[in-house]
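Each chain, letter by letter, is given below.
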Amino acid sequence: MNESSRSSGRTSSASQRMLPEFDFRMYRVKELAMLYFPSVVNATRSLSALIRRDPLLLGELERIGYRQGIRYLSPEMVRIIVMYLGTPHEFLAIMQPED
């Protein structure tokens, strides 16, 4: 396998890894937050704080209409969040590693 095909394979593989099988649809913020923070009482506040603490993530979301107090996330907003945080399953695995 030459370097360019290896490189393009990695890019394709990376794209698939960044956007794994996940239902990229409109979500209520609370609904998506509960997927990322299932055991947190105020999951919405936790997700919003996480977004606000990452200027790159926040900037990309604001570019397509995200703002404080928004109730629904478009499929594109969900795609961006998953690109930065991973799927809820991946996020939870990182945040709560098994011993």
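Residues numbered from 1 in each chain as written. Predicted model: local features only at pLDDT ≥ 70, side-chain atom pairs only at ≥ 80, totals over all residues. Heavy atoms only, no water.

**Overview of the pattern of salt bridges**
The full count for this structure, using the stated rule, is 3 salt bridges. Arg-25 is the salt-bridge partner of Glu-31, the closest N and O atoms lying 2.5 Å from each other. Classification of Arg-25 by relative accessible area gives partly exposed; the value is 30%. Residues Glu-76 and Arg-79 are paired through a salt bridge, measuring 3.3 Å at the closest nitrogen-oxygen approach. (Salt bridge = Lys/Arg side-chain N within 4 Å of Asp/Glu carboxyl O. Buried < 20%, exposed > 50% of the residue type's maximum accessible area, 1.4 Å probe, protein only.)

**Examining the environment of Pro-88**
Here Pro-88 lies in helix H6 (residues 88-95). Note on Pro-88: relative accessible area 7%, which makes it buried. A C-alpha to C-alpha distance of 5.7 Å links Pro-88 and Leu-35, two positions 53 residues apart in sequence. Leave out the neighbours within four places in its chain, and Pro-88 touches Phe-22, Leu-35 and Tyr-36. (Helix = DSSP H or I, 4+ residues; strand = E, 2+ residues; numbered from the N terminus. Contact = heavy atoms within 4.5 Å.)

**Here's the deal with the nonpolar core**
Counting residues in hydrophobic clusters, the biggest one holds 23 residues, and the most contacted among them are Leu-32, Tyr-36, Ile-51, Leu-61, Tyr-66, Leu-73 and Ile-81. For this core, the secondary structure elements donating two or more residues are helix H2 (29-36), helix H3 (43-53), helix H4 (55-63) and helix H5 (75-85). When residues of this core are assigned to their parent elements, the largest contribution, 6 residues, is made by H5. Those residues within four positions of Ile-81 in sequence are excluded, and the remaining contacts are Leu-32, Tyr-36, Ile-51, Leu-57, Leu-61, Leu-73 and Gly-86. (Core = buried A, V, L, I, M, F, W, Y, C linked by side-chain atoms within 4.5 Å.)

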